[in-house]
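The lines below spell out each chain.
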Amino acid sequence: MTEQTQRPWGWFETLATGPGYLVKRLRITAGQRISLQRHRQRSEHWVVVTGEGVMEVDGGSITACPGATLFVPRGGLHRASAGASDLEIIEVQLGEELREEDIERFDDDYGRVVKSHFNL
């Protein structure tokens, strides 16, 4: 069993890692959402496995339901929101540098936006 990392919106766990990739499982609690964010070092591919909600990237949005997929390009502004039930996403990160610190938040329900020279 892998260790779950708790977040205000739910949790995530790392399922696999290797050269240039990292695979996570995210569980977004019903009615919650992750921050509106972007990454400078990676792209992501999301696959919804359970639940429902909305996935957004670069101003567009799609319904999140089992089987729905979303590609987030490097630098793409994105967010996922759970609806009436928990939303579970398998996230495949691709890039040469894959770390949690590569998150630039623009809007966050939990007060985690830090102004920087990138998003003043």
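Some words on the packing of aromatic side chains
Consideration 1: Scanning all chains against the criterion turns up 0 aromatic pairs.
Consideration 2: The positively charged end of K24 is found above the aromatic ring belonging to F12, 4.0 Å away from the centroid.

Points about the environment of R79
Consideration 1: Residue placement: R79 occurs in strand 9 (residues 78-82).
Consideration 2: Ignoring any residue separated from it by four or fewer positions in sequence, one finds R79 in contact with R33, I34, S35, L36, W46, V54, M55, E56, D107 and D108.
Consideration 3: Polar contacts involving the side chain of R79 include one to the main-chain carbonyl oxygen of D107, which spans 3.1 Å.

Some words on the pairing of strand 3 (residues 21-28)
Consideration 1: Counted residue by residue, strand 3 has 6 buried out of 8 residues, so it is predominantly covered.
Consideration 2: When strand 2 (residues 10-18) meets strand 3, the two strands line up antiparallel, connected through 8 bridges. Looking across to strand 3, one finds that G18 is bridged to Y21.
Consideration 3: Adjacent in sequence and paired antiparallel, strand 2 and strand 3 are bridged by 2 residues, among which G20 carries a positive phi angle near 85°.
Consideration 4: Pairing analysis gives 8 bridges linking strand 3 to strand 10 (residues 87-94), with the strands arranged antiparallel. Considered in strand 10, the bridge of R27 is made with E88.

Here we look at the pattern of salt bridges
Consideration 1: Taken as a whole and judged by the stated rule, the model has 15 salt bridges.
Consideration 2: Of the charged contacts, one joins E97 and R99 as a salt bridge, the two residues approaching to 2.4 Å between their closest N and O atoms.
Consideration 3: On the basis of relative accessible area, E97 is assigned to the partly exposed category, the value being 34%.
Consideration 4: Assessed through its relative accessible area of 35%, R99 is described here as partly exposed.
Consideration 5: One network of salt bridges, with partners in common, ties together E13, R25, R27, D86 and E88.

Analysis parameters
Residues numbered from 1 in each chain as written. Predicted model: local features only at pLDDT ≥ 70, side-chain atom pairs only at ≥ 80, totals over all residues. Heavy atoms only, no water. Phe/Tyr/Trp six-rings, centres within 6.5 Å; stacked < 30°, edge-to-face > 60°. Lys NZ or Arg CZ within 6 Å of the ring centre and 35° of its normal. Helix = DSSP H or I, 4+ residues; strand = E, 2+ residues; numbered from the N terminus. Contact = heavy atoms within 4.5 Å. Polar contact = N/O pair within 3.5 Å; in protein donor to acceptor, adjacent residues only side chain to side chain. Buried < 20%, exposed > 50% of the residue type's maximum accessible area, 1.4 Å probe, protein only. Pairing = 2+ DSSP bridges. Salt bridge = Lys/Arg side-chain N within 4 Å of Asp/Glu carboxyl O.

By themselves, these observations are geometric and do not establish any function.
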